[in-house]
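Secondary and tertiary structure notes
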Amino acid sequence: MKDKTFVKKTREFSKNLHIEFIKKLLVFEKLDSTNGTAKDLARAGAEEGTIIIAQKQSRGRGRFDRMWQSPEGGVYLSLILRPHVSTQNASLLPFIAALAVAKTIDSYGLYPTIKWPNDVRVNRKKIAGILLESEMDSQTISYVVVGIGVNLNVDIKDLSEDIRSKSTSISNEIGRLIDYFEFLTTLLVQFEEYYKLLFESNYGQIINEWKKQSDTIGKKIQIETASEIIEGIACGIDEAGFLMVRTNDGLIKKIASGDCVYFDELQHA
Ligand code: BTN
């Protein structure tokens, strides 16, 4: 798709998109980062349900200050949310986003798994990433930006060599190009479905569905948090989205966030 065509086509697509929580869709040929633009707009008062989409990003952001390589062919979007839920319940948003992405990929006949908290992988290779950035205090949520990047029709050769062997794309897995707008519609419909569960206080369902889609529970893992490296067996997720890890000394540690690696993959790395 040529740049102009992408913007024009996405605008046309948005006119026929009837998804309740989406209020506005802004589309760009190229941005530094859709999350960066979404945060600027959120701070300036953009309403809940504003979506920022770009065809490419020059400085796509990943978790832990990593880059998210964003060549043409991928889906790069950020949702601005202002959910009226407690900050504790908002911590389920990464799970909601991962579920929406995984279910969408699943609908193409692939078998995506989620690595805690929200890496979506196919055949142990990363196919999508999610980055949440928010402004909130202990009581009130000002905004949450949910950034989603999916290697949809990305040619793996367009990714740098260091991540090529750990990455895949949907087109690479199925052997054909996927319709961008069909994928986007399914993704947004799925997101809305899981987002609704949050307002219906259906936290158990979110966690249970996440667990079914994830391959983390039961695995020997190593997690690097801001303050320590924890090793043990992932043994559950609580209702606030904390990962429970049984460490070698038999203690259960609850982890809010960190970089998770599976032991069996560490040894092969
Ligand atoms: C990760 O797995 O490290 C998270 C990657 C998140 C990438 C997406 S692409 C759209 C949005 N804008 C960004 O700059 N990052 C997220």
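Look up: the structure comes first, before these words.
Residues numbered from 1 in each chain as written. Predicted model: local features only at pLDDT ≥ 70, side-chain atom pairs only at ≥ 80, totals over all residues. Heavy atoms only, no water.

**As for the pattern of salt bridges**
Where we set the bar: Here, a salt bridge means any side-chain nitrogen of Lys or Arg that lies within 4 Å of a carboxyl oxygen of Asp or Glu. Secondary structure is summarised from DSSP: a helix means a run of H or I of at least four residues, a strand means a run of E of at least two, and numbering begins at the N terminus for each. Each residue's exposure class comes from its accessible area (1.4 Å probe, protein chains only) as a fraction of the maximum for that residue type: buried when under 20%, exposed when over 50%, partly exposed otherwise.
Under the criterion given, the structure shown has 14 salt bridges. Between E228 and K253 there is a salt bridge, and its shortest N-O distance comes to 3.1 Å. Note that E228 is positioned in the loop between strand 8 (220-224) and strand 9 (229-237) and K253 in strand 11 (residues 252-255), a separation of 25 residues in sequence. Judged by relative accessible area, E228 falls into the partly exposed class, the value being 35%. A network of salt bridges, in which partner residues are shared, links R121, R124, D264 and E265.

**Here's the deal with the layout of surface pockets**
The cut-off we apply is this: Lining residues are those with an atom within 4 Å of a point, where the points come from a 1 Å grid over the protein atoms alone and group into cavities, where a 1.4 Å probe fits but cannot get out, or pockets, open sets with protein on both sides within 12 Å along at least five of seven lines. Grid points are joined across faces, edges and corners, and a volume is the space filled by probe spheres set on the points. Just so you know the grouping, Ala, Val, Leu, Ile, Met, Phe, Trp, Tyr, Cys and Pro go in nonpolar, Asp, Glu, Lys and Arg go in charged, and all remaining residues, Gly too, go in polar.
The space that makes up the largest pocket amounts to roughly 1,100 Å³. Considering the residues around the largest pocket, the lining is formed by 43 residues, among which R66, K115, D119, K126 and K166 are closest to the centre. If you list the elements that add at least two residues to the lining of the largest pocket, you get helix 2 (34-43), strand 3 (75-81), strand 5 (119-122), strand 6 (125-136), strand 7 (141-150), strand 8, strand 12 (259-262) and helix 9 (263-268). Examining the composition of the lining of the largest pocket, we find that five residues originate from one element, strand 6, more than from any other. The class makeup of the residues in the lining of the largest pocket is 17 nonpolar, 13 polar and 13 charged.

**Quick look at the site of the ligand**
How we decide: For this purpose, a residue is taken to be near a molecule or strand whenever a single non-hydrogen atom of the residue falls within 4 Å of it. For this analysis, a polar contact is any N or O atom pair within 3.5 Å, provided that within protein one partner can donate a hydrogen and the other can accept it, and provided that sequence-adjacent residues contribute only side-chain to side-chain pairs. Using a 1.4 Å probe, the Shrake-Rupley method yields the accessible areas, and only the shown protein chains count as cover for residues. The way we define it, a molecule is inside a pocket or cavity when more than half of its atoms are within 2 Å of that pocket's grid points.
Neighbouring residues of the ligand: 20 residues in total, closest S33, T34, R61, R63 and K126. At 2.9 Å from a nitrogen atom of the ligand is found a side-chain nitrogen or oxygen belonging to T34. A distance of 2.7 Å is found between an oxygen atom of the ligand and a backbone nitrogen or oxygen belonging to R63. Out of a free accessible area of 410 Å², the ligand has 98% covered by protein chains. Given that more than half its atoms are within 2 Å of the pocket grid, the ligand belongs to the largest pocket. Of all elements in the fold, only helix 2, strand 3, strand 6 and strand 7 reach the threshold of two or more residues within the shell around the ligand. A per-element tally of the shell around the ligand places strand 6 first, with four residues.

**What about the packing of aromatic side chains?**
The geometry of an aromatic ring pair comes down to the distance between the two centres and the angle between the two planes. Our working definition: Two rings belonging to Phe, Tyr or Trp (six-membered ring only in the last case) form a pair when the distance between their centres is within 6.5 Å. Interplanar angles under 30 degrees mark stacking, angles over 60 mark edge-to-face geometry, and anything in between is tilted. Two thresholds decide whether a charge sits over a ring: the Lys NZ or Arg CZ must be within 6 Å of the ring centre and within 35 degrees of the ring normal.
One pass over the full model with this rule turns up nine aromatic pairs. Taking 5.2 Å as the distance between ring centres and 80° as the angle between the ring planes, the aromatic pair formed by Y180 and F181 counts as edge-to-face. Using a relative accessible area of 8% as the deciding quantity, one classes Y180 as buried. Three or more aromatic residues link up through ring pairs in this structure, and these residues are F6, F13, Y180 and F181. The cationic tip of K220 hangs over the ring face of F263; the distance from NZ or CZ to the ring centre is 4.3 Å.

**Focus on the pairing of strand 6**
The two faces of the sheet receive side chains in turn, since in a regular strand these alternate between them. Basically, it comes down to this: Any two strands are treated as partners once DSSP identifies two or more bridges connecting them.
In this sheet, strand 6 lies alongside strand 5 in antiparallel orientation, the contact comprising three bridges. Paired with V122 across the bridge in strand 6 is K125. In this structure, the hairpin formed by strand 5 and strand 6 is closed by a connection of two residues, where N123 is found at a positive phi of approximately 50°. Count of turn residues in the strand 6/strand 7 antiparallel hairpin: four residues.

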